[in-house]
Amino acid sequence: MARPNIILLFADQMRGDCMRCDGNPYIETPNLDYLASLGTRFPHAYTATPSCIPARATLMTGMNQWHAGILGMGLGQGAMPNDYPHMLAAELSNHGYRTHLVGKGHFNPQRAMMGFQSHELDESGRSQDGFKSDYRIWFDRVKPYDDLSPDDHGVPFNSWMARPWHTDEHLHPSWWTMTRALEFVKNRDRTKPYFLNISFARPHSPYVPPRPYWDMYCDEELPPAAVGDWAGMHDKPRDAADTNAWHGRMTDRQIRRARTGYYGDVSFIDTQIGRLINHLQRSHDFANTMFVFAADHGDMLGDHNLWRKTYAYEGSARIPFIVVPPIGENKSPRNVAPEVVELRDIMPTILEAAGIEIPATVDGRSVLPLSREAAPDWREYIHGEHCWCYGPEQDMQYVTDGRRKYIWLPRIDMHQFFDLESDPHELHNCIDDPARREEVQKWRGFLVAELEARQCGWVKDGKLVGPETPDAPLISPWRDKRYQPA
């Protein structure tokens, strides 16, 4: 069979629990559920550094966050480099694939190619040095009246507020992203296989889905926020008054409206994916197409009095992850694989499917073997982190396998341990439970080993000690130079 076409569907800020196939009975995602039924879903998938730039650096390089050089968006970090020696799109371009990105890149500078041969960008409201995204150029050309903009809904970019989209459905950025992707598929060079990254800028706030998708949820039951018995630390009434608040207890009504908008955005993305599936099936290209669906990170949506991302908690760090091999290969994959996987695994997975050698810089592993059978030698856990971004209490380190999770907040020296099997919403911190002592020591040991290997000064005499001074950032040695394995 010819080398497969490969489509990487990527959502911005989509929680891992926001698919019906993940067990969420409140949300409608029929097209994602259909893809999951054809391939393998990974319920224990995480982003090691849960914010846009570092997560995408990991996605594009297959490296862990230390080697990619970005440990978050905030203290001591920087923009995504564009000169990594090996990048996903570049490897595919160099081996005969036609490569194209539609949607959000978050590259630096914003028109950097990052190995793609072409792209059409929707960067939401971000603009550097006079940059204007392709979506906004298009919007200005087709808008029904002169003074209309994509921002006239009035909801700030990182807000917890929500409302329906303020103009026609076909002017919504999710619709534009899939429309441009379909245009590429229809008019591509058919003598070459292609790699298409469809990168939605939603369901990232503002939560403003088209009216029909708002109406899907506005009168329906939705899950309440999960608020742990430890989460009073984030009940900050003064901070909650900010329309872009990152923490603070909101009213049940405010949380419900946020979830109405967020769920509507997810379902609208699902509809766009349905447009893609329908076209590929009609054009008989579906059988030789590989799909990967994932997100850069989640969104707390009020869980534990938190909003947005950058946290170790499930709402922020767990992501959807589906791999669908070409149906024409007649594989019988495991429908659900419980091994813990991470964004760094996407690049080697796609390269293996394309028959391309995986560069030595890649830290991730292909998950294709897991779609067929369990792997006894798979990793025991993943290590994640995020630097100080919103406040010192939000700086974090974590290790998890999807069943247990150890979290350390180094700038306030707070330790948390969660049994995700019995407590999937992280309501009870078990760190001081005498019955968990040995288990806690084991998981703390994983984190100690990760940080000790870095020789970054955050471990002394086998103990976690954190920064020497309160505002000293943890910086990767690969922030300003590119990593090469010894």
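Residues numbered from 1 in each chain as written. Predicted model: local features only at pLDDT ≥ 70, side-chain atom pairs only at ≥ 80, totals over all residues. Heavy atoms only, no water.

Caption draft 1: Summary view of the overall build of the protein. What the protein contains, in helices and strands, is twelve helices and 15 strands. Taken over C-alpha atoms, the radius of gyration comes to 21 Å for the protein, in line with the 23 Å a tight globule of 486 residues would show. Projecting the C-alpha coordinates of the protein onto the three principal axes gives extents of approximately 60 × 50 × 45 Å. Relative to its 486 residues, the protein shows a buried fraction of 62%. Of all intrachain contacts in the protein linking residues separated by at least 6 positions in sequence, the fraction that spans at least 24 positions is 70%. Approximately 18,400 Å² of the protein is accessible, and the part contributed by carbon and sulfur atoms is 48%. Here the protein holds 53 positive side-chain charges and 66 negative ones, and the gap between their average locations is 3 Å. (Helix = DSSP H or I, 4+ residues; strand = E, 2+ residues; numbered from the N terminus. Rg over C-alpha atoms; globule rule 2.2 N^0.38 Å. Buried < 20%, exposed > 50% of the residue type's maximum accessible area, 1.4 Å probe, protein only. Contact = heavy atoms within 4.5 Å. Areas by Shrake-Rupley, 256 points an atom, 1.4 Å probe, with all protein chains shown as cover. Lys, Arg positive; Asp, Glu negative; His and termini not counted. Charge placed at Lys NZ, Arg CZ, Asp CG, Glu CD.)

Caption draft 2: Looking closely at empty space enclosed by the protein. If you walk through the whole model with that rule in mind, you get three cavities of 30 Å³ or more. One number sums up the size of the largest cavity: a volume of about 60 Å³. Lining the largest cavity are His234, Tyr311, Ala312, Tyr313, Glu393, Gln394, Met396, Ile407 and Leu409. Looking at the lining of the largest cavity residue by residue, the classes come out as six nonpolar, two polar and one charged. In this structure, the second largest cavity occupies an estimated 50 Å³ of space. Surrounding the second largest cavity, Leu71, Glu385, His386, Cys387, Asp395, Gln397, Trp458 and Leu474 form its lining. Residues that form the lining of the second largest cavity fall into these classes: four nonpolar, two polar and two charged. (1 Å grid on protein atoms, 1.4 Å probe; cavity = no way out; pocket = protein on both sides within 12 Å on 5 of 7 lines; lining within 4 Å. Points joined across faces, edges and corners; volume = space filled by probe spheres on them. Nonpolar A, V, L, I, M, F, W, Y, C, P; charged D, E, K, R; others polar.)

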